[in-house]
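Breakdown of the fold
If you want the building blocks of each chain, they are given just below.
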Amino acid sequence: MDKFTKLTGIAAPMPLINVDTDMIIPKQFLKTIKRSGLGVNLFDEMRYDDDGNEIADFVLNKPAYRDAQILVAGDNFGCGSSREHAPWALLDFGIRCVISTSFADIFFNNCFKNGILPIVLPQEEVDKLMDDAERGANAVITVDLESQTITGPDGGEISFEVDAFRKHCLLNGLDDIGLTLEKSASIEAFEAQAAQARPWV
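Before going into details, it helps to say that this report is about the structure given with it. Everything numeric here is computed off the predicted structure, so don't read it as measured data.

Digging into the packing of aromatic side chains
For any pair of aromatic rings, the description rests on two quantities: the centre-to-centre distance and the angle between the ring planes. Scanning the model with the defined rule gives six aromatic pairs in all. Between the aromatic rings of Phe43 and Phe58, the centroid separation amounts to 5.9 Å while the plane-to-plane angle is 55 degrees, which identifies the pairing as tilted. Here Phe43, found in the loop between helix H1 (21-24) and helix H2 (44-47), pairs with Phe58, found in the loop between H2 and strand E2 (70-73); they are 15 residues apart in sequence, far enough to count as distant. Clustering of aromatic rings is evident, with ring pairs tying together Phe77, Phe103, Phe107, Phe108 and Phe112.

The following block contains the structure:
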């Protein structure tokens, strides 16, 4: 998993509330177990018409937001089913941070496990960032995980909270497998001892 330390990028505004995981990545794209290739179908039913043509006024189809790395979203983002494909699709598109007033629990947890930083802020601060994100190509904000701050285009700073263990994992690029591999020396010592004690196994 890629480390998340400091991210400076375009923030795209998506003020819709209750964006569920089927809106993020519709069910017909869940056949794969690969984490790559899903970005093209992120928000598929909002990005494309029935003939597969881009819908021009959808935020991520606008030239200013095609390379967005941050999403400023409405309340209860990521609700619905527990599909891990939702953060996979966001990440494959290039989104590394989602900011909202609240997230569905399973989606929130899945983000951390896949290298995405979900940030919960009060409504008034999300509103400020949403206004910043409306600036198009000038909607550049910086998210600094180490200092737990967000800096807007005009230099204004907002602090955010994040669980210390999850912060450690993101800063060091540790998913569940990475955390296990940190204990590889202890695992190897145990296996060697077990092989000596039970050579027939």
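Observations concerning unusual backbone geometry
Of note in the backbone geometry, Phe43 takes a positive phi value of approximately 55 degrees without being a glycine. Taking the relative accessible area as the measure of exposure, Phe43 reaches 0% and is therefore buried. The backbone of Gln148 sits at a positive phi, close to 55 degrees, despite the residue not being glycine. Looking at the element boundaries, Gln148 is found in the loop between strand E5 (140-144) and strand E6 (149-151).

Considerations on the nonpolar core
Judged by nonpolar contacts, the single largest core of 55 residues is most densely connected at Phe43, Leu60, Phe77, Leu90, Ile99, Leu117 and Ile150. If near-sequence neighbours (up to four positions away) are discounted, Ile99 is found in contact with Ile70, Leu71, Val72, Ala73, Ile119, Leu121, Val126, Leu129, Ile141 and Ile150.

Some thoughts on the pairing of strand E3 (residues 97-100)
Burial of the side chains of E3 extends over both faces: Cys97 and Ile99 are buried on one face and Val98 and Ser100 on the other. Examined bridge by bridge, E2 and E3 share three bridges and lie parallel to one another. Bridging across to E3, Val72 finds its partner in Ile99. Between the parallel elements E2 and E3, the chain passes through helix H3 (residues 85-93) in a crossover that is right-handed. Examined bridge by bridge, E3 and strand E4 (residues 117-120) share four bridges and lie parallel to one another. Paired with Val98 across the strands is Pro118, a residue of E4. Each parallel crossover has a hand, and the one from E3 via helix H4 (residues 105-113) to E4 is right-handed.

Structural notes on the environment of Asn109
Checked against the element boundaries, Asn109 lands in helix H4. Residue classification places Asn109 among the partly exposed residues on the basis of a relative accessible area of 28%. Each C-alpha atom, one on Asn109 and one on Pro87, is 9.9 Å from the other, the two residues being 22 residues apart in sequence.

Rules used throughout
Residues numbered from 1 in each chain as written. Predicted model: local features only at pLDDT ≥ 70, side-chain atom pairs only at ≥ 80, totals over all residues. Heavy atoms only, no water. Phe/Tyr/Trp six-rings, centres within 6.5 Å; stacked < 30°, edge-to-face > 60°. Helix = DSSP H or I, 4+ residues; strand = E, 2+ residues; numbered from the N terminus. Buried < 20%, exposed > 50% of the residue type's maximum accessible area, 1.4 Å probe, protein only. Core = buried A, V, L, I, M, F, W, Y, C linked by side-chain atoms within 4.5 Å. Contact = heavy atoms within 4.5 Å. Pairing = 2+ DSSP bridges. Right-handed = clockwise from strand over helix to strand, strands pointing away.

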